[in-house]
Amino acid sequence: MNDLLAWLATYSPPVVALIAVGAVVVFLVKLIVEKTIARTFDEKTKRFETLLQRRSAFEEMILIERFEVMSSLDARLQRIMTNLNRIRSGHPVPDGFLTKGELVPLTEVFEDIEIGRLKLGEDLWNRMESLAQAALTASNAADENEWKHAAEEWVQLRKQLREQVEADFGLTSIKW
């Protein structure tokens, strides 16, 4: 305000009015530009947050499905190994386990491992494929020595699977 009075003393009133109008216009332009930039920034931020939320939801869904597929295949393979152990011990196994010398559940597991390859990802797919191959080796064991070797391989592969699952999902860090 003091500047305006000093200008009135130095300059004519029309020049001072023109300067004041110019200052108001500059202020309004500055305000409009700032609000436009802020609005554009907010829109881009919201769009980015939406994309992140969608991606995060997609990744969460894939991780859940990956864990479900892996744990289902693992449980089925464990049951197969249990039934192979029953056969070796002379105990009966469920109907349909062996059909004309073929391990039907193991064949289905191999199919499901291949079907679930995209969901499992390469690391877990390799682990599950190795476990299935170890079960196949155990089923074809001709003597006790081969069976023992196959069982040791099975235990080692299961340990590696647990380590992989821990690295991928961090299950032991989940607490109530």
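Given the structure is predicted, the values throughout are model-derived calculations rather than measurements. Position numbers for residues count from 1 along each chain, tracking the sequence in the order it is written. Only residues with pLDDT of at least 70 get local features here, since the model is predicted, and only at 80 or more are side-chain atom pairs given and counted; chain-wide, interface and lining totals rely on the full set of residues. Side-chain measures here rest on the full set of heavy atoms in the structure, leaving out hydrogens and waters.

Side note on the layout of surface pockets
Okay, so step 1: Only protein atoms enter the calculation, which uses a 1 Å grid: trapped sets of points that fit a 1.4 Å probe without letting it out are cavities, open sets showing protein on both sides within 12 Å along at least five of seven lines are pockets, and any residue with an atom within 4 Å of a point is a lining residue. Grid points are joined across faces, edges and corners, and a volume is the space filled by probe spheres set on the points. The volume enclosed by the largest pocket comes to roughly 220 Å³.
Okay, so step 2: For the largest pocket, the lining is made up of 15 residues, of which L84, L98, L103, S139 and N140 are closest to its centre.
Okay, so step 3: Numbering of helices and strands runs from the N terminus, with a helix taken as a DSSP run of H or I at least four residues long and a strand as a DSSP run of E at least two residues long. Of all elements in the fold, only α2 (13–89), β2 (102–103), α3 (104–115) and α4 (117–139) reach the threshold of two or more residues within the lining of the largest pocket.
Okay, so step 4: When the residues that make up the lining of the largest pocket are grouped by side-chain class, the tally is nine nonpolar, four polar and two charged. When residue character is reported, Ala, Val, Leu, Ile, Met, Phe, Trp, Tyr, Cys and Pro are called nonpolar, Asp, Glu, Lys and Arg charged, and the others, Gly included, polar.

Quick notes on the packing of α4 against helix α5 (residues 144–169)
For any two helices packed against each other, one specifies the crossing angle of their axes together with the interaxial distance.
Okay, so step 1: In this description, a line fitted to the C-alpha atoms serves as the axis of each element, helices being fitted only across the stretch in contact, and the angle between N-to-C directions of two axes falls anywhere from 0 to 180 degrees. Look at α4 against α5: their axes get within 9 Å of each other, and the N-to-C directions meet at 165 degrees. The orientation of α4 relative to α5 falls into the category roughly antiparallel. Like other packed secondary-structure pairs, α4 and α5 cross with a definite hand, here left-handed. Contacts between α4 and α5 involve D123, L124, R127, M128, S130, L131, A134, A135, T137 and A138 from the former and W147, A150, E153, W154, L157, R158, Q160, L161, Q164, V165, D168 and F169 from the latter.
Okay, so step 2: For the contact of α4 with α5, the residue count by class is 13 nonpolar, four polar and five charged. Any angle that falls under 35 degrees is termed roughly parallel, while one over 145 is termed roughly antiparallel, one within 65 to 115 roughly perpendicular, and all others oblique. Definitions for this section: a left-handed crossing has its near helix turned counterclockwise from the far helix by less than a right angle. A right-handed crossing has that turn clockwise. Contacts are assigned to residue pairs that have any heavy atoms within 4.5 Å of one another.

Geometry only, nothing functional implied.
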